[in-house]
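Residue-level listing of the chains:
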Amino acid sequence: QVQLVESGGGLVQAGGSLRLSCAASGRTFGRRAFGWFRQAPGKVREFVTSITWSDGSTVYADSVKSRFSISRDNAERMVYLQMNSLKPEDTAVYYCGASFHRGVSYYLWDDYDYWGRGTQVTVSS
């Protein structure tokens, strides 16, 4: 079992920054990647970014590329999402996920085995 707890969400003005954190506990052996997804009210849940645990390779959705940055701290079992130049359309609940799968893209919700409860990010215009 893996427990994930997100934090760092809040209300910020457009153009501002936030850093989300995801604290992981429990099983670590076989862990392959972490990802962030988000879901806005009335919209489909969407991939934001992922990072592989072994070599730190990252992938970003086009909508956040150059503004968001994912990172990990192996020793502290933490995953971070630095969000800069925030826009009102970034408003959503952000979820952290952990994957134990090999050979998947990590772009899909189903590629992940465990999820946190999410943290709300609201960007005002």
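Above this text sits the structure in question.
For every chain, the first residue of its written sequence is number 1, and the numbers climb from 1 along that sequence. pLDDT decides what is reported in this predicted model: residues at 70 or higher carry local features, side-chain atom pairs at 80 or more are listed and counted, and totals for whole chains, interfaces and linings draw on all residues regardless. By convention in this description, side-chain values take in all heavy atoms of the structure and omit both hydrogens and water.

Asker: So what exactly am I meant to see when it comes to the packing of aromatic side chains here?
Answerer: Two measures describe an aromatic ring pair: the distance that separates the ring centres and the angle between the ring planes. For Phe, Tyr and Trp, where Trp contributes only its six-membered ring, two rings pair if their centres lie within 6.5 Å, and the inter-plane angle classes them as stacked under 30 degrees, edge-to-face over 60, or tilted in between. Counting across every chain of the model gives eleven aromatic pairs. Ring geometry for phenylalanine 37 versus phenylalanine 47: centroids 5.6 Å apart, planes at 80 degrees, classification edge-to-face. A residue pair is termed long-range when its members are at least 10 positions apart, and phenylalanine 37 in strand β4 (residues 33-39) and phenylalanine 47 in strand β5 (residues 46-52) qualify at ten residues. An angle of 90 degrees between the planes, with centres 5.6 Å apart, marks the rings of phenylalanine 37 and tryptophan 109 as edge-to-face. Taken as a pair, phenylalanine 37 in strand β4 and tryptophan 109 in the loop between β9 (92-99) and β10 (114-115) lie far apart in primary sequence, 72 residues in all. Using a relative accessible area of 3% as the deciding quantity, one classes phenylalanine 37 as buried. A simple rule labels every residue: compare its accessible area, found with a 1.4 Å probe on the protein chains alone, to the largest value its type can have, and call it buried under 20%, exposed over 50%, or partly exposed in between. Residue classification places tryptophan 109 among the partly exposed positions, given a relative accessible area of 22%. For the cation-ring pair, arginine 19 lies above tyrosine 80, with the distance from its terminal atom to the ring centre recorded as 4.1 Å. What counts as a helix is a DSSP run of H or I of at least four residues, what counts as a strand is a run of E of at least two, and both are numbered from the N terminus. Either the NZ atom of lysine or the CZ atom of arginine qualifies as a charge over a ring when it sits within 6 Å of the ring centre and within 35 degrees of the ring normal.

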